[in-house]
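Below, each chain spelled out in residue letters.
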Amino acid sequence: MTKKILLSHGSGGKLSHDLVARRFLPAFNNPHLAKLDDAAIFDIQGHLAFTTDSYVITPIFFPGGDIGKLAVCGTVNDLAMMGAVPLYLSLSFIIEEGLPEDELQAIVDSAQRAAADAGAMIVTGDTKVVPHGSADKLFVNTSGIGAVPTGIHLSGSNARAGDKVVLSGTIGDHGIAVLSQREGLSFSTTLQSDCASLNEMVAQMLEASSNIHCLRDPTRGGLATTLNEIAAQSRVGIRIEEATIPVRREVQAACEMLGFDPLYVANEGKLVAVVASEDAEQVLRAMQRNEHGREAAIIGEVTAESAGRVVMKTSIGASRIVDMLVGDILPRIC
Amino acid sequence: MKLTSEFRRSELAQGLVSRIHRRSKTPARLMEFCGGHTVAILKHGIRQLLPPTIEMLSGPGCPVCVTANADLDKAMALARVPGVILATFGDMLKVPGSNSSLQESKAEGADVRIVYSTMDGLDIARQNPQRPVVFLGIGFETTAPTLAASVLQAEQEGMRNYYILSQHKLCPPVTRALLDSGEVKLQGIVCPGHVSAIIGSRSWEFIPRDYGIPCVVSGFEPLDILQCIDMLLTQIESGTSTVEIAYRRGVRPEGNRRAQELMDQVFEPCAASWRGVGIVPQSGLRLRERYRRFDAELAFDFDPGPTKEHQGCICGEILRAVKTPRDCPLFADVCNPEHPIGPCMVSSEGSCAAYYLYEVQGSTFKVPGFPVDRLLD
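Residues numbered from 1 in each chain as written. Chains lettered and ligands numbered in written order. Predicted model: local features only at pLDDT ≥ 70, side-chain atom pairs only at ≥ 80, totals over all residues. Heavy atoms only, no water.

Explanation requested: the pattern of salt bridges in the structure shown.
A pair can form between side chains of opposite charge whenever their charged atoms are brought close. For the structure shown, the criterion picks out 37 salt bridges over all chains. The partner of A:E295 in a salt bridge is A:R248, and the shortest N-O contact between them spans 3.7 Å. A residue pair is termed long-range when its members are at least 10 positions apart, and A:E295 in the loop between α9 (280–289) and β11 (297–303) and A:R248 in the loop between β9 (237–241) and α8 (249–258) qualify at 47 residues. Judged by relative accessible area, A:E295 falls into the partly exposed class, the value being 40%. A single network of salt bridges, built from pairs that share partners, joins B:D264, B:E268, B:R286, B:R288, B:E289 and B:R292. (Salt bridge = Lys/Arg side-chain N within 4 Å of Asp/Glu carboxyl O. Helix = DSSP H or I, 4+ residues; strand = E, 2+ residues; numbered from the N terminus. Buried < 20%, exposed > 50% of the residue type's maximum accessible area, 1.4 Å probe, protein only.)

Structure, rendered in structure tokens:
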């Protein structure tokens, strides 16, 4: 029978130590963690970026990823969106008793692979086990520290009228891939989550241009919400063209079926860049050379008028506003 | 299959828009019955492309919106019956009844589950044989056959814990009630696509016959709707009225016979209460005698409490096409998607939600750089 995580694995006693020794240390394998001190000590020069995030997802394994990879990539991306080079991460697991140990191991291994791919180290962490029903299998909390190279000043408030809006690829892949696996809604698709670390692509973009004003990853709330955040923070209008926004056929089909708008569906490996007009093509090409930006496209521009609003030219040539997501997206009746 | 792109092609849309502009001479007031059409029209910006001679009004075709508060309260009360699992389509979750919503009931501990089809409701009942499962049956002729199928399946399996709260409604009777009231003068009706796929375009023939109003059944893509408007204009300008189909890939004159039989086997028409319209005879569906044991209203002892209407909300008049969301003093002010006062602001097919989400509030907004004229070259 497969071993399961028990409440006593979170007691802080022998079983806890055993879990750390067997499951975490070999996987994350680095000198900071191996010391098993109360905190990791390291030297960093210059400006630091510091972020935190929590991950709850059903199911914890989905096409194209799992909660471990998602947690690392999500944290890395939050750092990368500030132009920071991701260095050190923390990972805390809140585990519902009964989680099979091999599932935990698979998630830990996947988190480690994602961290190594991004060039970051998981240097500290924690484990708690809660009674059945108090959590949904596994929650992960993270924090991340990155170094911001000199001269990089990215912010959601930096968008200027005339800037171009560049999107790194197809939208809605993650949300629909995860939804397709949900209980009660299994539909068959080959669609994979786009879950990926974008720090390498960001570095290439920053190398291609010193006129990138803002980067943001459109995760929950989708592209629409991210663009609204930028418009509000920068007090500018954003005008996008529906026809230029890449959407996979499978995603479009699932959205039509469920009554969703791909603009509001989550992504985990995409970014939006707001770039000075004269450098937009260069940045676009740099993105397209990276595996995570092959389908990148310029989808619109920043305007001085209609500040705080996102407006879209529809595929038939009319226009409409694109608001933030309100509440959850819920499937419709008919 | 190119799912949608073929029906959103900009050059074809431009052709239709130019033709509509050329053809439209006399002012015409058209009503799209269906909330799905309202959303599509606003989402794609179709209203901006039409000449000023054409006015589009939104009708009562949003099943969530037309459900009266008294009926919504029954659902909330059922959800609070100890042990009951209430299965519902996601749309219903946020809709405010007299005092609360299912979302609030859920947060307070009621077991409310979102499902994607009636068959999911049966699955929940099979997995929880000790607990009663009530399927909240709100919808039109589109979902009624699937609800009927679930009842037949439950009967076949001898399930004793599956119930439905049937609040299904029928579209043609309410359309007749609206036209009989004479409140709104219409020159044409955009008939619902999905409903007509079930009941057939023939079900609308009473409209040109009894009221002399042209009818065209439309699909939900921009080109479908533009083509439908163009066909309506052709009838209007030539003084004819008949039922046509601009959605041949989905709708046949006779409809879906099998679905109609299922509905007829399980349900019988009854009077139903529509928000804003009142009691409309023969416009609801209740379980036939033989299937009454599945009726949640009869099976449970519950108290929905006194019905309260939302002060100042004009959802009723909006559903009758007498007013538009912009006429409502609450619109985009105290009533918005975060804090909906009436159902039309919360349902994904509600007119108020569509106006709020897709058009800039309170202004005749034209996006700089996207002049409509450019389309008419």
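Would you mind going over the nonpolar core with me for this structure?
Nonpolar side chains tend toward joint burial in soluble globular proteins. If you look at the biggest cluster of nonpolar residues, it comprises 104 residues, and the most contacted ones within it are B:L102, B:V134, B:Y162, B:W204 and B:F300. Residue contacts for B:V134: discarding those within four places in its chain leaves B:L78, B:V84, B:I85, B:L86, B:A87, B:Y163, B:I164, B:L165, B:A296 and B:F300. By size, the runner-up hydrophobic cluster in this structure holds 35 residues, among which are A:L33, A:L89, A:I107 and A:V178. (Core = buried A, V, L, I, M, F, W, Y, C linked by side-chain atoms within 4.5 Å. Contact = heavy atoms within 4.5 Å.)

Teacher, can you tell me more about the pairing of strand β5 (residues 121–130) of chain A here?
Moving residue by residue along a regular strand, the side chains alternate between the two faces of the sheet. Residues and elements named next belong to chain A. Where strand β4 (residues 85–96) lies against β5, 9 bridges are found, and the strand directions are parallel. Bridged to I95 within β5 is V129. In the classification by handedness, the crossover that spans β4, the intervening helix α4 (residues 101–118) and the parallel β5 is right-handed. (Pairing = 2+ DSSP bridges. Right-handed = clockwise from strand over helix to strand, strands pointing away.)

When you look at the packing of aromatic side chains in this model, what are you seeing that I'm missing?
Given two aromatic rings, one states the distance between the centres and the angle between the planes to describe the pair. All names here are of chain B. Enumeration according to the criterion identifies 11 aromatic pairs over all chains in this entry. For the pair F33 and F140, a centre-to-centre distance of 6.2 Å together with 55 degrees between the ring planes defines the contact as tilted. Of the two residues, F33 sits in strand β1 (residues 28–34) while F140 sits in the loop between β5 (133–137) and α8 (144–156), which places them 107 residues apart along the sequence. Residue F33 shares its accessibility class with F140, and that shared class is buried. Arranged with centres 5.5 Å apart and planes meeting at 80 degrees, the rings of F89 and F135 form a pair that is edge-to-face. In this pair, F89 sits in strand β3 (residues 85–89) while F135 sits in strand β5, placing the two residues 46 residues apart along the sequence. Among the aromatic residues, those joined into a cluster by ring pairs are F33, F140, W204 and W274. Its end group placed over the ring of W274, K169 keeps NZ or CZ at 6.0 Å from the ring centre. (Phe/Tyr/Trp six-rings, centres within 6.5 Å; stacked < 30°, edge-to-face > 60°. Lys NZ or Arg CZ within 6 Å of the ring centre and 35° of its normal.)

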